Amino acid sequence: MAELGISHTHVNHYGSVPTKKPHAMRHRLQTVLHGTIFTAAFLFVVAMVFGVVG
């Protein structure tokens, strides 16, 4: 088969619109998860600075 210059990892990038919805939902969940972890870490550091933890 001819090499078209498209790697296998990017084949679904050119898919139809319905196939992109689960990816968008996964991206949103991942963003929320990262935000939650960052906020928890920030609050933990603040609590250590003010002597609440430790």
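The written sequence of each chain sets the order in which its residues are numbered from 1. Whole-chain, interface and lining totals are the exception, using all residues; otherwise, since this is a predicted model, local features are given only for residues with pLDDT of at least 70 and side-chain atom pairs are given and counted only at 80 or more. Only heavy atoms go into the side-chain values, all of them from the structure, while hydrogens and water stay out.

S.K.: Help me out: how do you make sense of the overall build of the chain in this one?
M.R.: Along its length, the chain carries one helix and zero strands. For each residue, the accessible area found with a 1.4 Å probe, counting protein chains only, is set against the maximum for its type, and the residue is called buried under 20%, exposed over 50%, and partly exposed in between. Here the chain holds 54 residues, and 2% of them are scored as buried. Carbon and sulfur atoms form 71% of the exposed surface of the chain, whose accessible area is close to 5400 Å². Each helix is a run of DSSP H or I of at least 4 residues and each strand a run of E of at least 2, with the numbering of both proceeding from the N terminus. Every accessible area reported is derived by Shrake-Rupley at a probe size of 1.4 Å, with residue values counting cover from the shown protein chains alone.

S.K.: Quick question: what am I supposed to make of the UniProt feature "transmembrane region" (unreviewed entry) in the chain here?
M.R.: UniProt positions are given in the numbering used here, feature names are shortened, and annotations may be inferred rather than shown by experiment. Sequence positions flagged by UniProt for "transmembrane region" (unreviewed entry) are, in local numbering, residues 31–53. In residues 31–53, the share of helix is 83% and the share of strand is 0%. The end C-alpha atoms are 27 Å apart.

S.K.: Explanation requested: a nonpolar patch on the surface in the structure shown.
M.R.: Only residues whose relative accessible area exceeds 30% and that take part in no salt bridge are eligible for patches, with like-charged residues grouped when within 9 Å of each other and nonpolar side chains (Val, Leu, Ile, Met, Phe, Trp, Tyr) grouped when within 5 Å. Salt bridges are defined by distance alone: a side-chain nitrogen of Lys or Arg within 4 Å of a carboxyl oxygen of Asp or Glu. A cluster of nonpolar side chains, contributed by Phe44, Val45, Met48, Val49, Phe50, Val52 and Val53, occupies part of the molecular surface with about 750 Å² of accessible area. Residue placement: Val53 occurs in the segment after α1 (21–49). Here Val53 falls in the partly exposed class, since its relative accessible area comes to 36%.

S.K.: Would you take a moment to explain the environment of Ala47 for this structure?
M.R.: On the secondary structure map, Ala47 appears in helix α1. A relative accessible area of 16% places Ala47 in the buried class. We call two residues in contact when some of their heavy atoms are within 4.5 Å. In contact with Ala47, not counting residues within four places along its chain, are Val52 and Val53.

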